[in-house]
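The residues making up each chain are set out below.
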Amino acid sequence: MAARWEKLAAGGRRLLLRLRSGACAGRRRRSSPASAPRGQPPWRVLFFGTDDFALETLKRLNECRKKSKELIETLEIVTLPSALPKGLPVKNYAIQSQLPYYEWPDITPSSQFDVGVVVSFGRLLSEELIMKFPYGVLNVHPSCLPRWRGPAPIIHTVLHGDTETGVTIIQIRPKRFDVGPIVMQEKIPVPSCCTTEELAGILCKQGAEMLISVLKNLPQCLENKRAQPEDGVTFASKLSSVSSCIKWEEQTPAQIMQLERAVGALLPLQTLWMGTVVKLLDFVEVHDIRNFAVHQVEPGTIRYHKQTKTLLVCCKDGWVGVRTVILKKKLSAADFYNGYLHPWFQQTAQAPLECCQFHTLRLTPKAKKRSKEPEGVRG
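A quick note: this is a predicted structure, and the numbers were derived from the prediction, not measured.

A. Spotlight on the overall build of the protein chain. Assigned secondary structure in the protein chain consists of nine helices and 14 strands. By the burial criterion, 44% of the 379 residues in the protein chain qualify as buried. Accessible area of the protein chain: about 21100 Å², with a carbon and sulfur share of 52%.

B. Structural detail: the environment of Cys144. Note on placement: Cys144 falls in the loop between strand 5 (137-141) and helix 5 (153-159). Between the alpha carbons of Cys144 and Lys187 there is a distance of 6.9 Å; along the sequence they are 43 residues apart. Apart from residues no more than four positions distant in its own chain, Cys144 is found in contact with Thr165, Gly166, Thr168, Gln185, Glu186 and Lys187.

C. Here's a closer look at the sheet that holds strand 6 (residues 164-171). Within the open sheet, the seven strands sit side by side as 3-2-1-4-5-6-7. Their pairing is mixed. At either margin of the open sheet sits one strand with a lone partner, and together these are strand 3 (101-103) and strand 7 (182-189). Neighbour to neighbour, the strand axes of the sheet diverge by 20° on average, direction disregarded. Relative to strand 3, strand 2 (residues 72-79) is paired through three bridges, and the arrangement is parallel.

D. Region of the structure containing the state of the cysteines. Applying the stated criterion to the full structure yields zero disulfides. The thiol of Cys194 is unpaired, and the distance to the nearest cysteine sulfur, on Cys193, comes to 8.4 Å.

E. Quick peek at the nonpolar core. Ranked by internal contacts, the top residues of the largest apolar core, which has 75 residues, are Phe47, Leu138 and Leu215. Broken down by element, the residue count for this core peaks at eight residues, all from helix 6 (residues 196-216). Each of domain 1 (43-224) and domain 2 (241-360) gives at least three residues to this core. Grouped together as the second largest cluster of nonpolar side chains are 16 residues, Leu80, Leu88, Trp104 and Val118 included.

F. Representation of the environment of Leu269 within the structure. Take Leu269: it is sitting in strand 8 (residues 269-273). The exposure class of Leu269 is buried, given its relative accessible area of 0%.

G. The arrangement of helix 2 (residues 52-67) in detail. Taking 1.5 Å of rise per residue, the 16 residues of helix 2 would be expected to cover 22 Å, and the 22 Å separating its terminal C-alpha atoms lies within 8% of that figure. Within helix 2, burial applies to Phe53, Ala54, Leu55, Thr57, Leu58, Leu61, Asn62, Cys64 and Arg65. Each element contacted by the buried residues of helix 2 is listed here: strand 1 (43-49), strand 2, helix 3 (89-97), strand 4 (115-119), helix 5 and helix 6. The N-capping residue of helix 2, defined by a side-chain oxygen 3.2 Å from the backbone nitrogen of Phe53, is Asp51. Looking one or two residues past helix 2, Lys69 carries a phi angle of roughly 60°, positive in sign.

So, how was this worked out
Residues numbered from 1 in each chain as written. Predicted model: local features only at pLDDT ≥ 70, side-chain atom pairs only at ≥ 80, totals over all residues. Heavy atoms only, no water. Helix = DSSP H or I, 4+ residues; strand = E, 2+ residues; numbered from the N terminus. Buried < 20%, exposed > 50% of the residue type's maximum accessible area, 1.4 Å probe, protein only. Areas by Shrake-Rupley, 256 points an atom, 1.4 Å probe, with all protein chains shown as cover. Contact = heavy atoms within 4.5 Å. Pairing = 2+ DSSP bridges. Axes fitted to C-alpha atoms, helices over the stretch in contact; angles between N-to-C directions. Disulfide = S-S within 2.5 Å. Core = buried A, V, L, I, M, F, W, Y, C linked by side-chain atoms within 4.5 Å. Domains from an automatic or database assignment. Expected span 1.5 Å × (residues − 1). Polar contact = N/O pair within 3.5 Å; in protein donor to acceptor, adjacent residues only side chain to side chain.

Quick look at the structure:
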């Protein structure tokens, strides 16, 4: 009888141990980061980006991770596949820094994350993916939203002559671009006569520092987020080659100079020379060279200024200077004059004057292709 009671007692002790073990495991599961967000840093961050603008923010995040891990615990990267020989800057940096990375859409992260960060990525994230982040996904956008929503905010800022811009950090929403609530926004004046590249260099540094500030106080910043205003919405559509065509009859010197600062580095400005498409580079303001009268001169008329080695082209209400022409190969203004313009006048004196002019290139915008894969969330 005693042996029987001892056996029953031993079984009871084993059952009690199993129950206690299960309760402890349950408590561990409830406190797991996968089911409940952390209340404070360090954060586990999944970064989405591609280009040099995104690279500045990625570098700043990685510096914080390597320095002390008080703000960033883990950092992994999602980028896009690319056929470019040099590859994408974000992917190159990930490889160089030995950071885990994935190529969209094959995302199989090895761990859980607290927050996502999107900077100039180029793809729309699904609601299912966004919901995997307890604190959502932050987007660093280089404009003062709701002004210049879309893929080319910096270009449009320069193109339209805005005197003020900035950076906005929003929480992204699925299905629509750049409409999420504002988490932080800072404004800056646009430097006079700056190019798109110069302004991007300023804004990418500003955006990186703003993101670090948000991450230091992430729960509080998200509590204080606000909806974007309904007024003042403008769209920064992607520019095409049509945008780079100079309209000599319609555009003033200031507008042509502004167009060159906005798109010239990506899309050299184009015109027609004797039926051939040529590209124009290195624009200069003519009033610094010589004062020309515009009356009785056709738009597109070319003059050569020997003292400054500059082609002067008549446009609406003035003249604009050009120092480089791409016609089969890159030519200086002097080479273009000596090889094409000067011999033409010497050898073909009876030719109509309009043959020696630049003419507006009329391109037809290409129809947009419908794609099953939506266009991107771009900073």
